[in-house]
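Observations on chain architecture
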Amino acid sequence: MKFSLTICCLLLFTKSFSQTATIPEKIITLVETYFSKERESIHVQFNKTIYVNNEDIAFKGYVFNKNRSIPFINTTNVQLVIYDEQKKIIQKQILFSNIGSFDGVIHLNEKFTSGKYYFHFYTNWMNNFIEDESFIQTVEIINKNEPYHIKSKEPVWETTKITVFPEGGIILNEISNRIGIQVTDCNKKGIEIHGGTVVDSKSNEIAVFNTNATGNGNFYFIPNADETYFVKIKSEKINLSQVLPKVQNAGLVISYNNNLPNNILAIVVKTNSAGIALYQNKKLNLIVHQNGNLVQKEFSFSNNQPEQMISFSKLNLLEGVNTIRVIDEDLNEVAERLIFIDTNSKPITTLEAKTIKNDSISLIGKTDIKEAHLSISVLPELNIGTAQNQSIIGTFYLNSYLNQPETETYSYFDTENKTRKQDIELLLLNQPQNKYLWNNIKSNSSEKMAYFSQGVTIKVKVNKKLNPNSKYKISLISPKNNIFNETILDKNNEYEFKNIFAQDSTAFFIKMTNEKNEVLKTPITISVSTLDTIYSLPINWEQNSCPSLKKTEEIFTFNNLGGKIVNLESITIKNSYKKKKLIHKEGNSFATAFKIDEKEIGSLLDFIGRNGYQVGTDTIHSVYIRSYRNVFGGKNDSPEVFINDMLLPDLNLLTVYSISEIDEIYFDKMGTSSFGGKEVIKVYLKSNIRKDLEKSKLNYLLLTKGFTKSDPYKITAFGTQKELDYFGTLNWSPNISIKDNPNYEIKFPKGNQKEIQVLIEGFSVDGQLISEIKKIPVTEL
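Read on for a plain summary of the structure. Just so it is clear, the structure is predicted and the values come from calculations on it, not from any experiment.

**Digging into the overall build of the protein chain**
From N to C terminus, the protein chain includes 8 helices and 47 strands. When the backbone C-alpha atoms are referred to their principal axes, the protein chain occupies close to 105 × 85 × 50 Å. Burial statistics for the protein chain: of 781 residues in total, 51% are counted as buried. A fraction of 70% describes how many contacts in the protein chain between residues 6 or more apart in sequence connect residues 24 or more apart. Split by element, the accessible area of the protein chain, about 38800 Å² in all, is 50% carbon and sulfur.

**Quick look at the pattern of salt bridges**
All chains considered together, the criterion is met by 22 salt bridges. The salt bridge involving Asp663 is made with Lys595; its shortest N-O contact spans 3.2 Å. With Asp663 in strand 41 (residues 662-668) and Lys595 in strand 36 (residues 592-595), the pair connects residues that are 68 residues apart, well separated along the chain. Judged by its relative accessible area of 22%, Lys595 is partly exposed. Of the charged contacts, one joins Lys750 and Glu780 as a salt bridge, the two residues approaching to 2.5 Å between their closest N and O atoms. Taken together, the residues Lys750 in the loop between strand 45 (743-749) and strand 46 (755-764) and Glu780 in the segment after strand 47 (769-779) connect sequence positions 30 residues apart. For Lys750, a relative accessible area of 10% translates into the label buried. Where salt bridges share partners, they join Arg39, Lys66, Glu131, Glu133 and Lys435 into one cluster.

**A few points about the sheet that holds strand 22 (residues 307-313)**
Neighbouring strands of a sheet are bound in pairs by backbone hydrogen bonds; such pairs are parallel or else antiparallel. In space, the 3 strands of this open sheet follow the order 18-19-22, with antiparallel pairing throughout. Strands at the two margins of the open sheet, each flanked by one partner only, are strand 18 (253-257) and strand 22. Sheet twist, expressed as the average angle between the axes of neighbouring strands with direction ignored, equals 25 degrees. Alignment of strand 19 (residues 264-270) against strand 22, held across 7 bridges, turns out to be antiparallel. Bridge pairing in strand 22 places Val268 opposite Met309.

**Brief notes about empty space enclosed by the protein**
The tally for this structure, following the rule as stated, stands at 2 cavities of 30 Å³ or more. Lining the second largest cavity are Glu40, Thr75, Thr76, Asn77, Thr123, Asn124, Trp125, Phe452 and Ser453. Looking at the lining of the second largest cavity residue by residue, the class counts come to 2 nonpolar, 6 polar and 1 charged.

**Some thoughts on helix 2 (residues 23-34)**
Counting along an α-helix, one turn takes 3.6 residues, and residues three or four places apart therefore face a common direction. The first and last C-alpha atoms of helix 2 sit 17 Å apart over 12 residues, in line with the 16 Å expected at 1.5 Å per residue. Residues of helix 2 that are buried include every one of Ile23, Lys26, Ile27, Leu30, Val31 and Tyr34, and no others. Looking straight down helix 2, one finds its buried side chains confined to an arc of 125 degrees; they lie on one side.

**Things to note about the pairing of strand 9 (residues 135-142)**
Counted residue by residue, strand 9 has 8 buried out of 8 residues, so it is predominantly covered. Direction of pairing for strand 2 (residues 50-52) relative to strand 9: parallel, over a ladder of 3 bridges. In the strand pairing of strand 9, Val52 is matched with Ile142. The pairing of strand 8 (residues 115-122) with strand 9 spans 7 bridges and is antiparallel. Residue pairing for strand 9: Tyr117 is matched across the bridge by Val139.

**Comments concerning unusual backbone geometry**
Residues other than glycine seldom take positive phi values, yet Glu174 does so here, at roughly 75 degrees. Of note, Glu174 is situated in the loop between strand 11 (161-166) and strand 12 (177-184). Even without a glycine there, the phi angle at Ser203 is positive, about 70 degrees. Take Ser203: it is sitting in the loop between strand 13 (196-200) and strand 14 (205-209).

**So, the sheet that holds strand 17 (residues 239-243)**
Ordered in space as 14-13-16-17, the 4 strands form an open sheet in which the pairing is antiparallel. Unpaired on one side and paired on the other, strand 14 and strand 17 mark the two borders of the sheet. For this sheet, the mean angle separating the axes of adjacent strands, direction not counted, is 20 degrees.

**Remarks on the packing of aromatic side chains**
The way to describe two aromatic rings as a pair is by their centre distance and the angle between their planes. Applying the stated criterion to the full structure yields 41 aromatic pairs. Look at Tyr495 and Phe497: their rings are 5.0 Å apart centre to centre, the planes differ by 70 degrees, and that puts the pair in the edge-to-face class. For Tyr495, a relative accessible area of 30% corresponds to the partly exposed category. An aromatic cluster is present here, built from Phe46, Phe59, Phe102, Phe119, Phe121 and Phe135 joined pairwise through their rings. When the ring centre of Phe312 is taken as reference, the NZ or CZ atom of Lys297 above it lies at 5.2 Å. Above the ring of Phe642, the side-chain terminus of Lys682 is found at 5.6 Å from the ring centroid.

Cut-offs used in this document
Residues numbered from 1 in each chain as written. Predicted model: local features only at pLDDT ≥ 70, side-chain atom pairs only at ≥ 80, totals over all residues. Heavy atoms only, no water. Helix = DSSP H or I, 4+ residues; strand = E, 2+ residues; numbered from the N terminus. Buried < 20%, exposed > 50% of the residue type's maximum accessible area, 1.4 Å probe, protein only. Contact = heavy atoms within 4.5 Å. Areas by Shrake-Rupley, 256 points an atom, 1.4 Å probe, with all protein chains shown as cover. Salt bridge = Lys/Arg side-chain N within 4 Å of Asp/Glu carboxyl O. Pairing = 2+ DSSP bridges. Axes fitted to C-alpha atoms, helices over the stretch in contact; angles between N-to-C directions. 1 Å grid on protein atoms, 1.4 Å probe; cavity = no way out; pocket = protein on both sides within 12 Å on 5 of 7 lines; lining within 4 Å. Points joined across faces, edges and corners; volume = space filled by probe spheres on them. Nonpolar A, V, L, I, M, F, W, Y, C, P; charged D, E, K, R; others polar. Expected span 1.5 Å × (residues − 1). Arc of directions from axis to C-beta. Phe/Tyr/Trp six-rings, centres within 6.5 Å; stacked < 30°, edge-to-face > 60°. Lys NZ or Arg CZ within 6 Å of the ring centre and 35° of its normal.

This is the structure:
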């Protein structure tokens with residue numbers, strides 16, 4: 001009875017709401033409800049886009065809150081899936097995003113064959129929506145042992161295609177129509193056209209058009225519904241004719257003026273005489289929105305005028321692509337048009353490069369912004385893999401809203417491009433619709449239940465009956481990563497440690513204590529939630545329908561025969577090392593001794609593995625150390641390991657130590673200090689290192705489902721100067737932080753460059769975006 005009453009109340013509320021709410025109120029509710037969940041958008045800058053298969057691929061990612069236009073600081077888990085040209089998964093990574101950004105390095109090798117590779121970035125939260133919010137970057141990898149065909153920048157002329165986009169979606173009879181036109185090849189590369197024509201069925205010339213460098217253009221004409229029209233392009237390399245869509249007798253067309261003073265946007269909804277009769281007694285609503293931010297006005301054609309002008313202040317609209325829609329009384333969309341709002345000034349960046357000592361370059365930059373994170377790639381002037389041209393501004397303000405995203409967006413936001421405003425207006429004219437479809441908004445069909453994943457969850461269950469009258473505490477400890485979480489077991493002797501941020505191979509110890517704080521040796525079961533997530537939407541692959549053509553490109557052959565190597569690691573470090581005295585030599589006189597230098601990096605296990613032992617983990621994630629010396633004809637033995645002269649009962653305990661915590665190590669491969677003749681490894685900690693965690697009573701976990709480890713980026717040496725000029729990277733600086741001082745400087749080897757390419761991306765904490773691609777001459781001292 002209670003269940004039925006609840007349903008009745010809901011039905012009555014829905015009916016009451018539908019009867020009392022006005023059409024504008026319903027529109028507001030629909031839009032705000034659909035975009036009520038915060039959405040992420042990801043942009044990733046790569047240091048370049050063409051790599052030799054002995055290089056490192058480096059990238060820096062930025063996560064943006066689409067609803068608030070600021071960095072998405074709550075995002076932590078970013079999934080990367082790498083596909084080869086056959087769309088086969090070849091690698092996965094979980095990247096840790098901190099305060100809206102992440103970075104990574106992929107070490108290439110000869111297993112990466114020549115071809116295109118697709119880097120797909122997404123989060124589990126994106127699975128809540130039916131629109132694709134993920135990011136894909138295509139890179140090319142070259143096998144240096146094979147000749148490389150440098151691609152021509154010429155269009156594939158024989159694949160030229162004409163696409164027509166009427167303003168508002170239809171060609172309307174008897175009024176002036178603006179028609180968008182796009183000319184591209186099979187690579188979706190825009191083709192610039194001059195003197196294209198529009199003719200009728202009797203070959204009368206009706207209009208003339210041009211397209212810009214991105215292949216976008218437009219023309220105006222007044223059509224007749226009884227006539228058929230054709231677009232024709234005839235030049236030395238193109239001879240095409242295409243019929244225009246059928247002229248409609250009635251409907252609506254949307255035009256606008258986005259260049260008025262005082263930030264005024266004027267929108268005109270047009271119709272013809274048949275349209276006036278059709279919409280005479282109907283109220284229509286014009287809305288302009290981006291996500292849940294919306295302005296609207298009600299209008300009609302009751303004055304019998306075919307053009308209705310409606311004005312808004314652009315200060316009430318958000319930066320980037322907004323959608324203009326005409327909605328009728330039944331909440332159906334009648335017409336749609338995209339517009340780009342650009343009211344904010346961009347941060348100005350100045351750069352200067354000059355030669356300094358040691359044949360290096362100092363790049364001095366200044367970006368007029370505060371509290372920002374930048375990433376900078378520096379390439380030789382002639383590099384053929386210059387950045388992806390998917391600028392961060394183009395990703396967050398343009399592609400995030402397009403049903404057909406652009407592969408190259410930088411030119412639309414390049415301050416040196418004097419026609420950028422006209423270019424982006426033509427681009428949006430030639431977009432069929434926003435990716436957020438009105439029918440989806442109206443039906444609210446984006447409702448899903450994917451969780452917002454943050455870190456990993458480690459679940460602990462005690463496999464022993466405990467005293468119900470006592471309280472037991474369970475602790476999760478990783479000394480190396482400064483993790484110490486402590487809590488009380490629940491009534492089922494379980495607990496979940498949530499939101500644990502740790503990398504792969506992080507060593508944890510799990511400790512249980514009683515009310516007296518005594519450590520108890522207790523059997524437990526440990527389970528770890530996976531960070532790996534599946535993207536539920538179809539992936540928007542880069543479509544390439546180009547036929548196999550005879551190769552006429554420049555062929556480049558790498559120098560694989562040795563000779564002079566162009567190496568950018570040219571910094572000379574003076575060796576001032578003084579041999580330090582060994583303080584634990586007594587009793588270890590037959591062992592090989594190491595005094596650990598402060599500059600040593602890595603873990604203790606890494607160091608042992610570099611000095612004659614096989615180190616790893618077995619199928620149950622337990623650490624092993626195997627000696628290659630056969631003792632008494634037996635199999636490979638595990639050496640005895642001592643920490644501060646105390647024998648370790650469990651080699652897993654070694655995972656908590658980094659090499660920087662070690663003072664001395666002794667390798668006794670003859671077994672002179674062991675009664676059984678086994679090899680011995682003795683480790684002595686630095687005096688300030690304490691490891692009093694009562695390890696013998698702790699349970700051990702080696703995390704294998706954590707975040708991908710952050711590896712350093714390494715500059716690759718090339719065989720010739722030409723190889724460096726075409727394919728090399730001079731510098732990659734992914735983590736430049738600007739506080740109050742807008743100035744920054746990076747230094748790197750010159751590499752015989754007289755001019756360099758600098759690619760800068762980033763954002764500030766308040767959502768300002770930075771995107772610059774500049775060629776900078778190198779000033780000689």
